[in-house]
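# Tertiary structure, described
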Amino acid sequence: MIRFEQVSKVYPDGTTAVDGLSLEVAEGELVTLVGPSGCGKTTTMMMVNRLIEPTAGRILVDGEDISTVDPVRLRRRIGYVIQQVGLFPHRTVLDNTATVPALIGWKRAKARARAAELLDLVGLDPSVYGSRYPAQLSGGQRQRVGVARALAADPPVLLMDEPFGAVDPVVRERLQNEFLALQAQVRKTVLLVTHDIEEAVRMGDRIAVYGQGRVEQFDTPAAVLGTPASAYVARFVGADRGLKRLAVTTIEPDDLEQPPLARLDEPAADAAVRLRSGRARWAVVLDPEGELHGWVATDTLAEAGRGEGAGTTVGDLARRMEAWVPLGASLKKAFSEMLQHDAGWVAVVDGSRFLGVLTPAKLHEALRRSVDADERGIGRDEVEFHSVADA
Ligand code: ADP
Ligand code: MG
């Protein structure tokens, strides 16, 4: 959808801002371009909507060499969000949002209706905020208007240059999540520039790590974090890349351990005998439908099952399961649940169906497998894993 072919930009003073860039962003994909300040990110972005002309190479948008396209016509197909937002201070939020549709000749009523729809989409009630001026908004709200305005003419391509840079970290994370939810609906082809590796990893389907005007690595966030292509990339993503990678690696069914199980309606004494013979100290308790109910300690079952407690069932003694995550959640989420509930394992469910548990050892194994799989270009389930226990 956006294709750079050997693109370079040398400014008149001799500065090489972009140096032989080749990169392709697929339709509906969100690619983040990440690198330190001054490495050529903004220059790259502005060449796509012809605010800057390359000195070599060519750029294609939707298969068309953009140097042959009238810049004004080109920009109608490309939404542009910049850090400073660039709202017109003397126009209302609604009119700001309707800028591009109005420019390209939509009827006023239609442009304003579209603007209201977009404000709603980015979480700003048009009846409350539409008539305000930019100065009457918070930084986060202004950023939202910037996104709404860029989407107003429904362009297939969106360029975002440090779009969430001007707000505090808490608001930034909220805007990032909102934008990801929005992107899941609108599926634009997005090139997002940032100097923040966390943002790049969180937002990108793929990320391009920039050195001086060149792409050092272009891959999925998990692959870049797991196997940096060079010492430069390893330094840039940070020494804690293993931790960062936890956030972008999801739990798969193969990662799970199958713990001993007990049924809700089973007599406690029976369950105690069964679990003891298997040397299990605890069991996951399921209801008759196979849904997760909780967990129970073998010792508790044994004590309660004696004497007067003979009628006691597993259900009477089961504790609520607090540490659980859905299948497809990140390993980081699982780990954080373990820590939060001070649990040695976390249950994994699909809807309400219990699938298994993730233990710290299994978590490490899952991470290790996914790194190996990326390195060798194979599926995670094809990686053989040897633990200390096997040795
Ligand atoms: P980034 O967005 O990654 O911070 P830029 O694309 O803005 O980087 O800049 C890349 C390099 O090009 C920097 O060294 C910057 O100083 C230089 N540069 C940017 N604009 C100009 C210009 N108009 N004239 C000369 N040099 C420029
Ligand atoms: Mg920049």
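Given the structure is predicted, the values throughout are model-derived calculations rather than measurements. (Residues numbered from 1 in each chain as written. Chains lettered and ligands numbered in written order. Predicted model: local features only at pLDDT ≥ 70, side-chain atom pairs only at ≥ 80, totals over all residues. Heavy atoms only, no water.)

## Regarding the overall build of the protein chain
Threshold: Secondary structure elements follow DSSP: runs of H or I of four or more residues count as helices, runs of E of two or more count as strands, with numbering from the N terminus. Here the globule rule reads 2.2 Å times residues to the power 0.38, and the radius of gyration is calculated from C-alpha atoms. Throughout, exposure labels follow a simple rule: accessible area from a 1.4 Å probe, protein chains only, divided by the maximum for the residue type, with under 20% read as buried, over 50% as exposed, and the rest as partly exposed. Contacts are residue-level and defined by heavy atoms, with any inter-residue pair within 4.5 Å sufficient. Using the Shrake-Rupley algorithm and a 1.4 Å probe, accessible areas are obtained, with residue cover drawn only from the displayed protein chains. His is not counted here, nor are the chain ends, while Lys and Arg score as positive and Asp and Glu score as negative. Taken as the charge centre is NZ of Lys, CZ of Arg, CG of Asp or CD of Glu, depending on the residue.
A tally of helices and strands in the protein chain yields 17 helices and 17 strands. Here the C-alpha radius of gyration of the protein chain, 27 Å, is well above what a compact globule of 391 residues would show, namely 21 Å. The proportion of buried residues among the 391 residues of the protein chain is 48%. When contacts within the protein chain are restricted to residue pairs at least 6 apart in sequence, those whose partners lie at least 24 apart make up 61%. A total of about 18900 Å² of accessible surface is found on the protein chain, and carbon and sulfur atoms cover 50% of it. Looking at charge distribution, the protein chain has the averaged site of its 46 positive side-chain charges lying 7 Å from that of its 54 negative ones.

## Let's talk about the packing of helix H12 (residues 241-248) against helix H17 (residues 360-376)
Quick note on the threshold: Fitted lines through C-alpha atoms serve as axes, helices being fitted only where they are in contact, and the angles separating the N-to-C directions of these axes extend from 0 to 180 degrees. By the definition adopted for this analysis, an angle is roughly parallel if under 35 degrees, roughly antiparallel if over 145, roughly perpendicular if from 65 to 115, and oblique otherwise. Put simply, Ala, Val, Leu, Ile, Met, Phe, Trp, Tyr, Cys and Pro go in the nonpolar bin, Asp, Glu, Lys and Arg in the charged bin, and everything else, Gly too, in the polar bin.
Packing of H12 against H17 leaves a shortest axis separation of 11 Å and a crossing angle of 90°. Between H12 and H17, the interaxial angle falls into the category roughly perpendicular. On the side of H12, the interface is formed by Gly242, Arg245 and Leu246, while H17 contributes Leu363, Leu367, Ser370, Val371 and Asp374. The residue makeup of the contact of H12 with H17, split by class, is four nonpolar, two polar and two charged.

## Structural notes on the packing of helix H5 (residues 108-121) against helix H7 (residues 139-151)
Just so we agree on the cut-off: Each crossing gets its hand from how the near helix is turned against the far one by less than a right angle, where anticlockwise is left-handed and clockwise is right-handed.
One can describe the packing of H5 onto H7 by two numbers: an axis separation of 9 Å at closest approach and a directional angle of 135°. Considered as vectors, H5 and H7 are oriented oblique to each other. The way H5 lies across H7 gives a crossing that is right-handed. When H5 is examined against H7, the residues Arg114, Leu118 and Leu119 are found in contact with a partner set consisting of Val145, Ala148 and Leu151. Its residues assigned to classes, the contact of H5 with H7 comprises five nonpolar, no polar and one charged.

## Details of the site of ligand 1
We apply this condition: Think of it this way: one heavy atom of a residue within 4 Å of a molecule or strand is enough to make that residue near it. Nitrogen and oxygen atoms within 3.5 Å of one another constitute a polar contact, given that in protein one can donate a hydrogen and the other can accept it, and given that sequence-neighbouring residues count only through two side-chain atoms.
Surveying the vicinity of ligand 1 reveals the residues Tyr11, Asp13, Thr15, Ala17, Pro36, Ser37, Gly38, Cys39, Gly40, Lys41, Thr42 and Thr43. One of the side-chain N or O atoms of tyrosine 11 is found 3.4 Å from a nitrogen atom in ligand 1. Within the backbone of lysine 41, an N or O atom sits 2.9 Å from an oxygen atom of ligand 1. Taken by itself ligand 1 offers 560 Å² of open surface, and the protein chains cover 61% of this.

## A look at the environment of glycine 204
As for its position among the elements, glycine 204 is in the loop between helix H9 (197-203) and strand E9 (206-210). Accessibility expressed as a relative area gives 11% for glycine 204, which makes it buried. C-alpha separation for the pair glycine 204 and leucine 118, spaced 86 residues apart in sequence, amounts to 23 Å. Leaving out residues up to four positions away in the same chain, glycine 204 has contacts with Leu30, Thr32 and Pro221.

## Quick word on the sheet that holds strand E11 (residues 261-263)
Adjacent strands of a sheet form backbone hydrogen bonds with each other and so pair up, either parallel or antiparallel. Definition in use: Strand pairing is assigned whenever DSSP identifies at least 2 bridges connecting the two strands.
Across the sheet, four strands lie side by side as E11-E12-E13-E14; this open sheet has mixed pairing. Two strands in the sheet have a free side with no partner beyond their single neighbour: E11 and strand E14 (319-320).

## Side note on the side chain of threonine 194
Position of threonine 194 relative to the elements: it lies in strand E8 (residues 189-194). A polar contact is formed between the side chain of threonine 194 and the backbone nitrogen of aspartate 196, at a distance of 2.9 Å.

## What to know about the environment of proline 155
Take proline 155: it is sitting in the loop between H7 and strand E7 (157-161). For proline 155, a relative accessible area of 2% corresponds to the buried category. In the structure, proline 155 is positioned 195 residues away from aspartate 350 in sequence and 37 Å away in space, judged by C-alpha atoms. Not counting residues up to four positions away in its chain, the partners in contact with proline 155 are Arg76, Arg77, Ile78, Gly79, Ala150 and Lys188.

## A closer look at the pattern of salt bridges
Stated precisely, the cut-off is as follows: The salt bridge definition used is simple: a Lys or Arg side-chain nitrogen within 4 Å of an Asp or Glu carboxyl oxygen.
For the structure shown, the criterion picks out 24 salt bridges. Note that glutamate 5 and arginine 3 form a salt bridge whose closest N and O atoms lie 2.8 Å from each other. Residue classification places arginine 3 among the partly exposed residues on the basis of a relative accessible area of 35%. One continuous salt-bridge network, built from bridges that share partners, spans Arg3, Glu5, Glu24, Arg58 and Asp65.

## A closer look at the sheet that holds E9
Taken together, six strands build an open sheet; the order of strands is E6-E7-E8-E3-E9-E10 and the sheet is mixed. In this open sheet, the two strands that pair with only one neighbour each are strand E6 (78-82) and strand E10 (215-219). Across the sheet, the axes of successive neighbouring strands diverge by a mean angle of 15°, strand direction being ignored. Both E7 and E8 contribute to a ladder of five bridges, which runs parallel. Residue pairing across strands places leucine 158 opposite valine 190, the latter belonging to E8. Those strands touched by helix H1 (residues 41-48) are strand E3 (30-34), E6, E7, E8 and E9, and its axis lies near 155° from that of E8. Running at roughly 145° to E3, helix H8 (residues 169-186) makes contact with E3, E7 and E8 of the sheet.

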